[in-house]
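The chain contents come next:
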Amino acid sequence: MNEPYINGDFAQPGGNENIGANEESLRMVSSQPVGNEPVSDEELRPHVLDGFIGQPRLKAQLQLFLDAARKREVPPDHILLAGPPGLGKTTLAMIVANELGVPIRITSGPAIQHAGDLASILSSLDAGEVLFVDEVHRLPRAAEELLYIAMEDFRVDVMVGKGPGASSIPLTLPRFTMIGATTREGMLPSPLRARFGFTAHLDFYPVGELEKLVERSSAVLGVALDEGASHELALRSRGTPRIANRLLRRVRDWAIVHDLPSVGPEDVKEALALYQIDAEGLDRLDIAVLNAIVRNFNGGPVGLNTLAAMVGEESETVETVCEPYLVREGFLIRTPKGRVATDKAWRHLGIRPDADGGKSDVSKLF
């Protein structure tokens, strides 16, 4: 029977190595592979800032920020990473820790349900350590209040007892760097947002940068791409690295099943057509929404609830999952009277307006 192995030592039977740890909300992460473990999704993440593809202005700002902290020999100020999902916020947090040569603790806002959970994590940090809180805007209010003091004064006040006899014991914390990631910066309270010394906004990727990212990921995954294949993948990735890597893995599956030595542009088109992803990156739900507006309502306007009922989805799903990309790419317009399909949507579906009805005059909808 194998003994548990912890931090280079064999654990003693009945030992309490994890006392004080919140196993559900906290995990230690190493950026280096262990032994000869197979390539995982984590291996697609670069470990240094120079290897991070895209976001050139943000990289230059962050590099200066980290270089200055290293020269001053102090942990850098707290960092806020804001942007849509899948653009690399978690990857950048791990890169910061790797560049500084310190461990990183990873947790998330929803996992911290009480102020005591956060106090336990903060009190276990070592000097210079990085604490990464994903979805920081979803922290409970009591935890936010605790975090204000911890980020600014590096201390927490622990309440002992209840009622009139309760007392507050200040606990000094070592200087640490907190990295918060959020997809909804507007939901952050102003006092919390003001305590971050550096705020980085991540933008969607252009096709050219996504091509480079796909080529790098294909090399890590061992997928041979012919000329033009990475371009076809980038076109369908919605400007998001996470989607690009996901589509690359599906194309890799296609190549394995069909015994292809390499993947060409036509193979990419055929593989992703099986998953109902077209050349613009639109999937089944996107096409269903556009078809409902164009075919059933002659281009709109149509209300959100009616549209959701037409495609058989919840209105929140249509609004948060489908609409942002359609609006950003110019397929859809939100008006006070409802959703309206644009000329681009009509052309993409290959449908011409009815001669008698015509399309909605968007100028009259506002």
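Residues numbered from 1 in each chain as written. Predicted model: local features only at pLDDT ≥ 70, side-chain atom pairs only at ≥ 80, totals over all residues. Heavy atoms only, no water.

Caption draft 1: Representation of the overall build of the protein chain in the model. Helices and strands together make up the secondary structure of the protein chain, namely 13 helices and twelve strands. Burial status across the protein chain gives 42% buried among its 366 residues. Considering only contacts in the protein chain between residues 6 or more positions apart, those separated by 24 or more positions represent 69%. Total accessible area computed for the protein chain in this model is approximately 19400 Å², and 51% of it derives from carbon and sulfur atoms. (Helix = DSSP H or I, 4+ residues; strand = E, 2+ residues; numbered from the N terminus. Buried < 20%, exposed > 50% of the residue type's maximum accessible area, 1.4 Å probe, protein only. Contact = heavy atoms within 4.5 Å. Areas by Shrake-Rupley, 256 points an atom, 1.4 Å probe, with all protein chains shown as cover.)

Caption draft 2: Layout of the packing of helix H10 (residues 284-297) against helix H11 (residues 304-311). Closest axis-to-axis distance for the H10/H11 pair is 9 Å, and the angle between their directions is 110 degrees. Overall, the two elements H10 and H11 adopt an arrangement that is roughly perpendicular. Here the hand of the crossing between H10 and H11 comes out right-handed. When H10 is examined against H11, the residues Leu285, Ala288, Val289, Ala292, Ile293, Asn296 and Phe297 are found in contact with a partner set consisting of Thr306, Leu307, Met310 and Val311. Residue classes in the contact of H10 with H11 are distributed as nine nonpolar, two polar and no charged. (Axes fitted to C-alpha atoms, helices over the stretch in contact; angles between N-to-C directions. Parallel < 35°, antiparallel > 145°, perpendicular 65-115°, else oblique. Left-handed = near helix turned anticlockwise from the far one by under 90°. Nonpolar A, V, L, I, M, F, W, Y, C, P; charged D, E, K, R; others polar.)

Caption draft 3: Broad picture of the UniProt feature "binding site: Mg(2+)" (unreviewed entry) in the protein chain. Following the UniProt record, the feature "binding site: Mg(2+)" (unreviewed entry) maps to Thr90 here. With respect to the helices and strands, Thr90 occurs in helix H2 (residues 89-100). Among the residues examined, Thr90 registers a relative accessible area of 19% and is labelled buried. Beyond its immediate chain neighbours, meaning those up to four positions away, Thr90 contacts Arg45, Phe132 and Asp134. (UniProt positions renumbered as here; feature names shortened; annotations may be inferred.)

Caption draft 4: Representation of the nonpolar core within the structure. Among the nonpolar cores identified, the biggest contains 46 residues, and Leu62, Ile79, Leu92, Ile104, Ile179 and Leu233 are the most heavily contacted of them. Here the element with the most residues in this core is helix H8 (residues 241-257); it accounts for seven residues. Ignoring sequence-local partners within four residues, the contact set of Leu62 consists of Leu49, Ile79, Leu92, Val96 and Phe198. Listed in part, the 25 residues of the second largest apolar core include Leu80, Leu118, Leu131 and Met151. (Core = buried A, V, L, I, M, F, W, Y, C linked by side-chain atoms within 4.5 Å.)

Caption draft 5: Expanded view of the pattern of salt bridges. With the rule as written, the count across this model stands at 16 salt bridges. Notably, a salt bridge pairs Glu323 with Arg334, separated by 2.8 Å at the nearest N-O pair. One end of the pair, Glu323, is in helix H12 (residues 315-328); the other, Arg334, is in strand S11 (residues 332-335), and eleven residues separate them in sequence. We classify Glu323 as buried; its relative accessible area is 0%. The network of salt bridges with shared partners includes Asp67, Arg70 and Glu99. (Salt bridge = Lys/Arg side-chain N within 4 Å of Asp/Glu carboxyl O.)

Caption draft 6: How the structure looks around a nonpolar patch on the surface. A cluster of nonpolar side chains, contributed by Val158, Ile169 and Leu171, occupies part of the molecular surface with about 220 Å² of accessible area. For Val158, a relative accessible area of 35% corresponds to the partly exposed category. (Patch = residues over 30% accessible without salt bridge, like charges linked within 9 Å, V, L, I, M, F, W, Y side chains within 5 Å.)

Caption draft 7: Broad picture of the UniProt feature "binding site: ATP" (unreviewed entry) in the protein chain. Under the present numbering, the feature "binding site: ATP" (unreviewed entry) in UniProt falls on Leu44, Arg45, Gly86, Lys89, Thr90, Thr91, Glu152, Asp153, Phe154, Arg195, Tyr205 and Arg242. Accessibility expressed as a relative area gives 8% for Leu44, which makes it buried. Ignoring sequence-local partners within four residues, the contact set of Leu44 consists of Arg216, Ser217, Val220, Leu221, Asn245 and Arg249. Considering the arrangement of structural elements, one finds Glu152 in helix H4 (residues 141-153).

Caption draft 8: Spotlight on the environment of Glu145. Examined against the element boundaries, Glu145 turns out to sit in helix H4. Residue class for Glu145 comes out partly exposed when judged on its relative accessible area of 43%. When the C-alpha positions of Glu145 and Ala115 are compared, they lie 8.5 Å apart, and in sequence the two are 30 residues distant.

Caption draft 9: Molecular detail of the packing of helix H6 (residues 207-221) against H8. Where H6 meets H8, the closest approach of the two axes is 10 Å, and the angle between their N-to-C directions is 45 degrees. Our classification of the angle between H6 and H8 gives oblique. As H6 packs across H8, the resulting crossing turns out to be right-handed. Judged by residue contacts, Leu210, Leu213, Val214, Ser217, Ser218 and Leu221 of H6 engage Pro241, Ala244, Asn245, Leu248, Arg249 and Arg252 from H8. Here the contact of H6 with H8 is built from residues that sort into seven nonpolar, three polar and two charged.

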